[in-house]
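Okay, here's what each chain looks like letter by letter:
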Amino acid sequence: MDLSQNLEIATCTDPGMVRSHNEDSIAADPVNGLVVLADGMGGYNAGEVASGMATTVIVTEMRQILANAKPYDVEGAKNEELAARMVRDQVLKANSSIYQAAQTQSQYAGMGTTLVVCLFYDNRMLVAHLGDSRLYMLRDENFSQVTRDHSLLQEQIDSGIITPEQAKKAQHKNLVTKALGIDPTVEPEIHEYPTKSGDIYLLCSDGLCDMVEDEDIAMTLQTLGKGNLKLAAQHLVQMANDNGGRDNVSVILVRVLREYPGRRGVMGKVFGWLK
Amino acid sequence: MAKLILSMDGLVLKEIPLTKERTTIGRKPHNDIQIDNLAVSGEHAVIVTILNDSFLEDLGSTNGTVVNGNPIKKHFLQNNDVVELGKYKLKFIGEAAAAGTGGGEKADFEKTMVLRPSQIKAAAEQIKTAGGGAQAAVAQRQAAVQQAAASAAATGIADKDAAKPSPAAPAKSTDTAPAVKPADLTQPAPAAAPKAAPAASPAATPAGRPGQPLGAIQLLSGGNAGKELELTKPLTTLGKPGVQVAVLTRRPAGYFITHVEGANRPTVNGQQIGAAPHALKDHDVIELAGVKMEFFLKA
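These figures come from a predicted structure and were not determined experimentally.

A. Local environment of the overall build of chain A. Helix and strand counts for chain A come out as 8 helices and 13 strands. Relative to all contacts within chain A whose residues are 6 or more apart in sequence, the contacts with residues 24 or more apart total 70%.

B. Quick look at the sheet that holds strand β14 (residues 228-231) of chain B. Residue and element names in this part refer to chain B. In spatial order, the strands read β14-β13-β22-β21-β18-β19; together these 6 strands make up an open sheet with antiparallel pairing. Only two strands of the sheet have a single neighbouring strand rather than two, namely β14 and β19 (271-272). As paired strands, strand β13 (residues 215-219) and strand β22 (residues 291-297) are joined by 5 bridges and run antiparallel to one another. Counted as the bridge partner of Leu219 is Met293 from β22.

C. The packing of helix α6 (residues 214-224) of chain A against helix α7 (residues 229-242) of chain A, seen in detail. All names here are of chain A. Contact geometry of α6 with α7 gives a least axis separation of 9 Å together with a crossing angle of 155 degrees. Our classification of the angle between α6 and α7 gives roughly antiparallel. In the packing of α6 onto α7, the handedness of the crossing is right-handed. In this structure, α6 contributes Asp216, Ile217, Thr220, Leu221 and Leu224 to the contact, and α7 contributes Leu231, Ala232, His235, Leu236 and Met239. Partitioned by chemical class, the residues of the contact of α6 with α7 number 7 nonpolar, 2 polar and 1 charged.

D. Inspection of α7 of chain A at higher detail. All names here are of chain A. Helix length check: α7 (14 residues) gives 20 Å between terminal C-alpha atoms against 20 Å at 1.5 Å per residue, within 8%. Counting buried positions along α7 gives 14 out of 14 residues, so the element sits mostly inside the fold. Phi turns positive, to about 130 degrees, at Gly244, one or two residues after α7.

E. Summary view of unusual backbone geometry. For Asn123 of chain A, which is not glycine, the phi dihedral falls at a positive 60 degrees. Residue placement: Asn123 of chain A occurs in the loop between β6 (112-121) and β7 (124-130). One non-glycine residue, Asp9 of chain B, adopts positive backbone phi at about 50 degrees. Turning to its location among the elements, Asp9 of chain B is positioned in the loop between β1 (3-8) and β2 (11-17).

Cut-off values and rules
- Residues numbered from 1 in each chain as written.
- Chains lettered and ligands numbered in written order.
- Predicted model: local features only at pLDDT ≥ 70, side-chain atom pairs only at ≥ 80, totals over all residues.
- Helix = DSSP H or I, 4+ residues; strand = E, 2+ residues; numbered from the N terminus.
- Contact = placed C-beta atoms within 7 Å.
- Pairing = 2+ DSSP bridges.
- Axes fitted to C-alpha atoms, helices over the stretch in contact; angles between N-to-C directions.
- Parallel < 35°, antiparallel > 145°, perpendicular 65-115°, else oblique.
- Left-handed = near helix turned anticlockwise from the far one by under 90°.
- Nonpolar A, V, L, I, M, F, W, Y, C, P; charged D, E, K, R; others polar.
- Expected span 1.5 Å × (residues − 1).
- Buried ≥ 20, exposed ≤ 12 C-beta atoms within 10 Å, placed from the backbone.

Printed below as a string of structure tokens:
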């Protein structure tokens, strides 16, 4: 099923005002309803190699798999939908590719990347993430953070050592507790949510949420998201840069234009035509 | 780079980076740090900075130089030392601390790094064996942070070019389905806030900086000619949804107008604007959805 008519996707990435090169990578496959954002780390060019590998591996592998199977297909023996396993397997594949490269080539030693992957199917969205790149959602007028960072800061907030207000001023914002390509294996956090038409999903690297207040992000999506999604993406990056642009900034916006049910019975088809 | 923070009665007056080998302090204007106070001698003291070390020397001043409450002649400055000159205080922030808390040289510390559970444990054990068993988790975590930072810096040393351009191919998608938004020129004020965001809260965010002149538009034609709309928010949309909508953005560099939707772009002073944001000057005349309006800056 081609989702490019059901989802509108806009992307924007920028090195920011301070960094000389962009270690973020983004990729979108509108037909398959797949978006991937990665924020690489590691010396010299290794960061962008890691994030580039992550997005490329996941998008190409997913494309092959989705050509033969649907995410909502049910695996007979376990009575489970394939989606979560599909995404998880590809994330692990990307993990071992990056890990292998880092182990075998000295110039890539220690490289890794954060990751957010969203797969849209059957009026739902599956999100897998690692590290401090985030997914936000704007539904009606409510803007909320969907993913929870795998970061030292988030752990400290959870355990009550610091308050979210203190966290904003903390120095070690940059320490993530999970990432892709650092260890031989990794367990991405995976969740599934129902989507509604009109929803706007925002995937971003920490360069956006560290530099721009959540309420400004929300206002941008509310005012520009419906009219011109591309402009909204550009404006978010612009705001991060206006506020100092200390880090690479990457943004992927996905707007649900209309419903995209996966499985349809006869009645479903009739309703589909009537819409 | 090390720096000094000049304050009086707890009020920070200035931050002074120690860029020179000799930084002189005194009442007379030729000093690098001039403190115009009678308790300060004409040439009061000097700070000599060699590589990462800074030394403070009193130049035979009348009232003397006090560091952390003790009068000194010559002193090797440590991080957080407070130098007192009359009512004024100079706090010394050493190189490492200055790099961690502010200024432009913290780039490396801001880079994302991985902290593994094993590192946290190792650091915690180190603290325990060192006799700090009662230390709270905070201290353990802090040690872990430092250790992680050190190890990341070590592993980050890699060479050779592995140029790989990031696949940044933004999908093109400009004109979309008309949005249903109560943005109509006949009702400028509520139109700007379709979801009842109080005007005060966005103004307090970084986008609305104090000191930046406030812009406003005044309608010149149409049913509401003469009406004025202050542009306090970082974003204000104008126009008729589905016909022509533009957004006015408030940025540190000033105000910009950008086309959002509709077949025709708005004009500024009779010229149609491009796809990129267009900077607005005082008294520019905008025409949008058949209505003329003037942009101006308030004093």
